[in-house]
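Structural overview for review
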Amino acid sequence: TSSVSRSNAASSICKHGGSGSINTAVTSASASSTQKSDPHRSVLLQCYVELKSSVNVEDHVLDYLYSNFVISKSLRDRIRSDCTTAESKAGMLLDELPSCGASAFREFVDALIASKTSVHQKLAKKLMDMAKNST
């Protein structure tokens, strides 16, 4: 029943429902399986630590994703209220992003580009380069 609850929660927090979330403790076997089935999810997993420590989601990213119907208002508000550090906010967003629909990865990259910070610009380029190489 917990997987049903988790699935229902995912569809209620993302505008484009779906299933799954990032699990930072993946094995190499499941990582290669993920890479074959969803290259964008694989890229997020590979860059999880760097993204979590470098992305400031309050710097335009959350509002961009909300205004482009990628995340719900409840997820945006929950990230802002439940997480006290920039790293924990980025982590929560990264955990939820794969269940937010097929366009979530591209919209996340676009949000990084639109934030106009040099760190976000470099990360956006890295994510896109890795995504191109994994398909």
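The paragraphs below set out a description of the structure included in this document.

1. Overview of the overall build of the chain
- Of regular secondary structure, the chain possesses nine helices and zero strands.
- Ordering the α and β elements of the chain from the N terminus gives α-α-α-α-α-α-α-α-α.
- When burial is assessed residue by residue, the chain has 39% of its 135 residues classed as buried.
- Within the chain, counting contacts between residues at least 6 apart in sequence, those at least 24 apart form 66% of the total.
- Summed over its atoms, the accessible surface of the chain is roughly 7,100 Å², and 51% of this surface lies on carbon and sulfur atoms.

2. Remarks on unusual backbone geometry
- For phenylalanine 69, which is not glycine, the phi torsion reads 60° and is therefore positive.
- Relative to the helices and strands, phenylalanine 69 is located in the loop between helix H5 (57-67) and helix H6 (73-82).
- The exposure class assigned to phenylalanine 69 is exposed, which follows from its relative accessible area of 55%.
- The residue lysine 116 is not glycine, and still its phi comes out positive at about 65°.
- Here lysine 116 shows up in the loop between helix H8 (104-114) and helix H9 (118-134).
- On the basis of relative accessible area, lysine 116 is assigned to the exposed category, the value being 69%.

3. Notes on the packing of aromatic side chains
- By the definition in use, this model includes zero aromatic pairs.
- Directly above the ring of tyrosine 66 sits arginine 76, whose terminal nitrogen or CZ lies 4.2 Å from the centroid.

4. Comments concerning the environment of asparagine 133
- Relative to the assigned elements, asparagine 133 resides in helix H9.
- Note on asparagine 133: relative accessible area 70%, which makes it exposed.
- Each C-alpha atom, one on asparagine 133 and one on valine 43, is 9.9 Å from the other, the two residues being 90 residues apart in sequence.

5. Re the packing of H5 against H6
- In contact at an axis separation of 9 Å, H5 and H6 are set at 165° when each is read in the N-to-C sense. With respect to their mutual orientation, H5 and H6 come out roughly antiparallel. For the pair H5 and H6, the crossing hand works out as right-handed. Where H5 abuts H6, its residues Val57, Glu58, Leu62, Asp63 and Tyr66 lie against Lys73, Arg76, Ile79 and Arg80.

6. Description of the nonpolar core
- Grouped together as the largest cluster of nonpolar side chains are 34 residues, with contacts concentrated most on Leu51, Leu65, Leu93, Phe108 and Leu127.
- Within the residue set of this core, elements represented by two or more residues are helix H3 (39-46), helix H4 (48-54), H5, H6, helix H7 (86-96), H8 and H9.
- Filtering out sequence-adjacent residues up to four positions away, phenylalanine 108 remains in contact with Leu44, Leu51, Val55, Val61, Leu65, Leu93, Leu94, Leu97 and Leu127.

Cut-offs applied
Residues numbered from 1 in each chain as written. Predicted model: local features only at pLDDT ≥ 70, side-chain atom pairs only at ≥ 80, totals over all residues. Heavy atoms only, no water. Helix = DSSP H or I, 4+ residues; strand = E, 2+ residues; numbered from the N terminus. Buried < 20%, exposed > 50% of the residue type's maximum accessible area, 1.4 Å probe, protein only. Contact = heavy atoms within 4.5 Å. Areas by Shrake-Rupley, 256 points an atom, 1.4 Å probe, with all protein chains shown as cover. Phe/Tyr/Trp six-rings, centres within 6.5 Å; stacked < 30°, edge-to-face > 60°. Lys NZ or Arg CZ within 6 Å of the ring centre and 35° of its normal. Axes fitted to C-alpha atoms, helices over the stretch in contact; angles between N-to-C directions. Parallel < 35°, antiparallel > 145°, perpendicular 65-115°, else oblique. Left-handed = near helix turned anticlockwise from the far one by under 90°. Core = buried A, V, L, I, M, F, W, Y, C linked by side-chain atoms within 4.5 Å.

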